[in-house]
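What follows is the residue order along each chain.
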Amino acid sequence: MNTRISALVVKELWSLLRDKKSRTVLILPPLVQLLVFAFAATLDVKNVSIGFLNRDSGSLSFDLLQRFRGSPTFQHIYYFSSDEELKEAIDTQKVIAALYLDEEFTKNILAERGASLQSILDGRKSNSSQIVQGYIGRIVDEFANDVRKKLNLSKPVSKIIGINWFNPNLIYSWYTVPSLCAILTMVVSVLVTALSIARERELGTFDQLLVSPLTTYEILLGKTIPAVILAFLEGNLILAAAFFVFDIPFNGHLLLLYPSMLIFILAVVGVGLFISSLSKTQQQAILGSFVFISPSTILSGFATPIENMPLFLQKLTLLNPLRYFLVIVKGVFLKDMGIPVIIENTWPLMLIALVTLTASSLLFKSKLE
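Note that the coordinates shown come from a computational prediction; the quantities given were computed from them, not determined experimentally.

Side note on the overall build of the chain
Phase 1: Scanning the chain from terminus to terminus reveals 14 helices and four strands.
Phase 2: For the chain, the proportion of its 369 residues judged to be buried stands at 44%.
Phase 3: Sequence separation of at least 24 residues holds for 78% of the intrachain contacts in the chain that already meet a minimum separation of 6.

What follows is the structure, given as structure tokens:
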């Protein structure tokens, strides 16, 4: 039995590596997604264009503007002489934000009456505008505190100090790249297994496989093991890219990550076998795979927090294996997640793997009868 299964595994690996379509699906999409998500899909706001309409001629307003000029976030500074110029810059998206200082800005500060500063932001870019507003608020708060200390003003200075655990500088790639280790491993696992049986049917070799001495479960094992091997290698490749290309910190232990990764791969391989059993061509298998992959990614908590979803979708995410493995892989990367928490997120993966592998085996067997 071991000889027959190993022969089928070798044959399956050769079929995948020698078939141009399978090689393309296996290699190209994960690499493209890794580059796109890691470099382009980011919530970091950089190289911001900001404008100023300063009607104050005092030294304090000049000091405030110099702080914005010295910030690495604001790369393009524009100065306006009228309300119309400011309005046009916002309308044409020349700037995402503009600051307005009135004629008594410095005078009001020196008289301890409190100076007003108006910020105008482009609401069409809601997320970026909120982040830029935070940058502006931080610079203005630092300016206000420095001025009060320098001039010995009597009003007390209150200050909020924010500390970001596990990602102190809020580098977005620290969030996306570990998540991609899980997502792209899932993509490879599903695609390889979904194409396996469908490819045999499309090439006309499936009937030959059925008349061979292999039993039904030996065929299933022969189709499952190559997918697990390739997905595990793909996961390690992305881990290596996270370490050496993107310089993502790894605070945990690989020996804690690998068992969960293996169980996660088995869970999604079961889904791929289910899709492959239903598909008659490779094109149907690819379409079926993405019907599963897209909702799984959306409902995993990668793009939007699960807590923000409607209650019925939150319950639906409990069936999503990617939800649990995302928690594990980000926890092991960024915070040295402990064994109890890993086990808490791994046992649902074991149940899902048991269900998907059993269902795909029964479906495959029923298709042969």
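Regarding the packing of helix 7 (residues 173-203) against helix 11 (residues 282-298)
Phase 1: Where helix 7 contacts helix 11, the two axes come as close as 8 Å, and the packing angle between them is 160 degrees. In terms of their interaxial angle, helix 7 and helix 11 are classed as roughly antiparallel. For the crossing formed where helix 7 meets helix 11, the hand is right-handed. Of helix 11, the residues touching helix 7 (which contributes I183, M186, V187, V190, L191, A194, L195, A198, R199 and E202) are Q282, Q283, A285, I286, S289, F290, F292, I293, S296 and T297.
Phase 2: When grouped by side-chain class, the residues that make up the contact of helix 7 with helix 11 number 13 nonpolar, five polar and two charged.

Some details on the sheet that holds strand 3 (residues 97-101)
Phase 1: Taking strand neighbours across the sheet as the criterion, the four strands line up as 2-1-3-4 in an open arrangement whose pairing is mixed. In the strand order of this sheet, the two ends are held by strand 2 (74-79) and strand 4 (117-121), each with one partner. Taken pair by pair, the neighbouring strands of this sheet meet at an average axis angle of 25 degrees, ignoring direction.

Things to note about the nonpolar core
Phase 1: Membership of the largest hydrophobic core comes to 62 residues, with the highest contact counts inside it found for M186, L257, F325, V329 and F333.
Phase 2: Elements supplying a minimum of two residues to this core: helix 7, helix 9 (216-244), helix 10 (254-278), helix 11, helix 13 (321-335) and helix 14 (339-368).
Phase 3: Sorting elements by how many residues they give to this core places helix 7 first, with 17 residues.
Phase 4: Sequence-distant contacts of V329, defined by excluding residues within four places in its chain, comprise P178, C181, A182 and L257.
Phase 5: Membership of the second largest hydrophobic core comes to 21 residues, among which are F52, L60, L65 and V132.

Section: a nonpolar patch on the surface
Phase 1: Side chains of I339, I343, W347, M350 and L351 sit close together on the surface and give an oily, nonpolar patch of about 540 Å² of accessible area.
Phase 2: Residue position: M350 is located in helix 14.

Re the confidence of the model for the chain
Phase 1: Per-residue confidence for the chain gives a mean pLDDT of 81; residues scoring 70 or more make up 86%.
Phase 2: Of all the helices and strands in the chain, helix 8 (residues 206-210) carries the lowest mean pLDDT, 67, while helix 10 carries the highest, 90.
Phase 3: For the stretch residues 156-161, pLDDT sits under 50, and the model shows five contacts to residues farther than four places along the chain or on other chains.

Considerations on the environment of L318
Phase 1: With respect to the helices, strands and loops of the structure, L318 is situated in the loop between helix 12 (311-316) and helix 13.
Phase 2: L318 gets classed as partly exposed once you look at its relative accessible area, which sits at 43%.
Phase 3: Leaving out residues up to four positions away in the same chain, L318 has contacts with R323, Y324 and I352.

Thoughts on the packing of helix 7 against helix 10
Phase 1: Between helix 7 and helix 10, whose axes approach to 8 Å, the crossing angle comes to 30 degrees. The two elements helix 7 and helix 10 cross, and the hand of that crossing is right-handed. Along the contact surface, helix 7 presents A182, T185, M186, S189, V190, T193, A194, L195, S196, I197, A198 and R201, while helix 10 presents F264, I265, V268, V269, G272, L273, I275, S276 and S277.
Phase 2: Taken together, the residues of the contact of helix 7 with helix 10 sort by class into 13 nonpolar, seven polar and one charged.

So, how was this worked out
- Residues numbered from 1 in each chain as written.
- Predicted model: local features only at pLDDT ≥ 70, side-chain atom pairs only at ≥ 80, totals over all residues.
- Heavy atoms only, no water.
- Helix = DSSP H or I, 4+ residues; strand = E, 2+ residues; numbered from the N terminus.
- Buried < 20%, exposed > 50% of the residue type's maximum accessible area, 1.4 Å probe, protein only.
- Contact = heavy atoms within 4.5 Å.
- Axes fitted to C-alpha atoms, helices over the stretch in contact; angles between N-to-C directions.
- Parallel < 35°, antiparallel > 145°, perpendicular 65-115°, else oblique.
- Left-handed = near helix turned anticlockwise from the far one by under 90°.
- Nonpolar A, V, L, I, M, F, W, Y, C, P; charged D, E, K, R; others polar.
- Pairing = 2+ DSSP bridges.
- Core = buried A, V, L, I, M, F, W, Y, C linked by side-chain atoms within 4.5 Å.
- Patch = residues over 30% accessible without salt bridge, like charges linked within 9 Å, V, L, I, M, F, W, Y side chains within 5 Å.
- Areas by Shrake-Rupley, 256 points an atom, 1.4 Å probe, with all protein chains shown as cover.
- Salt bridge = Lys/Arg side-chain N within 4 Å of Asp/Glu carboxyl O.
- pLDDT = per-residue confidence, 0-100.

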